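The primary structure of each chain is shown beneath.
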Amino acid sequence: MQPQEIDQLRRIVLHDKLEKDLELIRQYEEGLAFRHDEVGRSQYEIGRLDERLAS
C-alpha cells in the first residue's frame, strides 16, 4: 500500500469513528435534556405540594 492510500484509509476510519461519536453525543444530550425537564417538573410539583401542605 502506498502512503497516500494508507492516509485515505485512515481518514475513512477516523471519519466513521467521528460520526459514531457525534451520534452518541447527540443521544446523550437528548437524554440529558429530557431528564432536565423531568427534574424541573418534579421540583414544580414538590413546590405545589409543599404549598398545599403548609396551608
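Preceding this section is the structure that the text describes.
Here the structure is a predicted model, which means the values were calculated and not measured.

Draft legend 1. Fine view of the overall build of the protein. Helix and strand content of the protein: 1 helix and 0 strands. Compactness check: the protein gives a C-alpha radius of gyration of 24 Å against a globular reference of 10 Å for 55 residues, more than 25% above the reference. Projected onto its principal axes, the C-alpha positions of the protein cover 80 × 10 × 5 Å. When the 55 residues of the protein are sorted by exposure, 0% land in the buried category. As presented, the protein carries roughly 5500 Å² of accessible surface, and 58% of it is formed by carbon and sulfur atoms. Charge centroids of the protein, computed over 9 positive and 13 negative side chains, lie 2 Å from each other.

Draft legend 2. Quick peek at the environment of R48. Structurally, R48 can be placed in helix α1 (residues 3-54). A relative accessible area of 40% means that R48 is categorised as partly exposed. Considering only alpha carbons, one finds R48 and L18, 30 residues apart in sequence, at a separation of 45 Å.

Draft legend 3. Structural view of the environment of E38. Residue position: E38 is located in helix α1. Reaching out from E38, the side chain makes a polar contact with the side chain of R41 at a distance of 2.7 Å.

Draft legend 4. Quick look at a nonpolar patch on the surface. Together, M1, I6, L9 and V13 line one region of the surface with nonpolar side chains, adding up to about 420 Å² of accessible area. Structurally, M1 can be placed in the segment before α1. The exposed category is assigned to M1, whose relative accessible area is 73%.

Analysis parameters
- Residues numbered from 1 in each chain as written.
- Predicted model: local features only at pLDDT ≥ 70, side-chain atom pairs only at ≥ 80, totals over all residues.
- Heavy atoms only, no water.
- Helix = DSSP H or I, 4+ residues; strand = E, 2+ residues; numbered from the N terminus.
- Rg over C-alpha atoms; globule rule 2.2 N^0.38 Å.
- Buried < 20%, exposed > 50% of the residue type's maximum accessible area, 1.4 Å probe, protein only.
- Areas by Shrake-Rupley, 256 points an atom, 1.4 Å probe, with all protein chains shown as cover.
- Lys, Arg positive; Asp, Glu negative; His and termini not counted.
- Charge placed at Lys NZ, Arg CZ, Asp CG, Glu CD.
- Polar contact = N/O pair within 3.5 Å; in protein donor to acceptor, adjacent residues only side chain to side chain.
- Patch = residues over 30% accessible without salt bridge, like charges linked within 9 Å, V, L, I, M, F, W, Y side chains within 5 Å.
- Salt bridge = Lys/Arg side-chain N within 4 Å of Asp/Glu carboxyl O.

In short, the description is geometric, and any link to function would need to be established separately.
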